[in-house]
Amino acid sequence: MTLAAWRSPLSRALHRNRSLVYARYLQLATVRADGRPANRTIVFRGFLADTNQLKFVTDFRSQKADQINYQSWGEACWYFPKTREQFRLAGQLILVRENYADPALQQARQSAWHELSDAARLQFAWPHPGQNRANLEAFQPQPPNPIEPLSNFCLLLLDPVEVDHLELRGEPQNRWLYRLDSAGVWLTREINP
């Protein structure tokens, strides 16, 4: 697979904003079963090796996972303050659970678990997200095994089919639209901001 042309400006934005811890945070929009939008902040965990797929992690018990099971399309919006750039990435969401059929993605899930900090892994052992607040002791579980992911841990992939890149500096500003065509080829157009 060839890497998409939008990967280079996105990698450059990540590099130029690397001193900002929050530059790895972006917003992901999905659709609830009742048709209403849902939006939340997630942490970018890198790209799946040799693909254009963005990696995130989530808890299968979360509302986000329910929404992905209902509608597997989503759109991420990512703003880089230092370089004043915005990327909107729309595409298929792939939720890799413990019983996911693809062995390569199961391995990627296990690697994502291993790459988490101890504190991040511990959050997956906390009580069910979105339920009534549990007592304090429930938030102090035994540390999970750093090698074997908990059953509720999921790797979440965003496989873009359209990327809108806007540079908010310059007069006029610069904007590009990248689209994956039906033959699997990325097309690039410079468009008005």
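Nothing here was measured: the structure is a model prediction, and the numbers come from that model. Starting afresh in each chain, residues are numbered from 1 along the sequence in its written order. Local features in this predicted model are restricted to residues whose pLDDT is 70 or higher, and side-chain atom pairs enter the listing and the counts only when it is 80 or higher, whereas totals over whole chains, interfaces and linings include all residues. Calculated side-chain values reflect all of the structure's heavy atoms, with hydrogen atoms and water omitted.

Enquirer: Got a minute to help me understand helix H3 (residues 103–115) in this structure?
Expert: One turn of an α-helix holds 3.6 residues; hence residues three or four places apart share an orientation. The helix count covers DSSP runs of H or I at least four residues long, the strand count covers runs of E at least two residues long, and both are numbered beginning at the N terminus. A helix is expected to span 1.5 Å multiplied by its residue count minus one. Across its 13 residues, H3 extends 18 Å between first and last C-alpha, which sits within 8% of the 18 Å expected from 1.5 Å per residue. Looking only at H3, the buried set comprises Leu 105, Gln 106, Ala 108, Arg 109, Ala 112 and Trp 113. Down the axis of H3, the smallest arc covering the buried residues is 160°, so these residues share one side. For H3, the exposed residues set more than 90 degrees away from the buried face come down to Pro 103, Ala 104 and Glu 115. Here H3 starts with a cap whose side-chain oxygen sits 2.8 Å from the backbone nitrogen of Ala 104, and that cap is Asp 102. Whether a residue is buried, partly exposed or exposed follows from its accessible area with a 1.4 Å probe, protein chains only, as a fraction of its type maximum: under 20%, in between, or over 50%, in that order. Relevant arc is that of directions from the helix axis to the C-beta atoms, nothing else. Whenever two N or O atoms come within 3.5 Å, that pair is a polar contact, provided that in protein one can donate a hydrogen and the other can accept it, and provided that, for residues adjacent in sequence, both atoms are side-chain atoms.

Enquirer: What should I look at first to understand the nonpolar core in this one?
Expert: Counting residues in each nonpolar core, the largest one holds 29 residues, and the members touching the most others are Trp 6, Leu 10, Leu 54, Trp 78 and Leu 89. Mapped by element, the contributors of at least two residues to this core are helix H1 (7–16), strand E1 (25–31), strand E3 (54–59), helix H2 (63–70), strand E4 (73–80), strand E5 (85–96) and strand E6 (153–167). The contact definition used throughout considers only heavy atoms, calling two residues in contact when any of these lie within 4.5 Å. In contact with Leu 10, other than residues within four places in its own chain, are Phe 47, Trp 78, Phe 80, Phe 87 and Leu 89. Among buried residues, those of type Ala, Val, Leu, Ile, Met, Phe, Trp, Tyr and Cys that are joined through side-chain atoms within 4.5 Å constitute a nonpolar core. Membership of the second largest hydrophobic core comes to 14 residues, among which are Leu 48, Val 57, Ala 120 and Leu 157.

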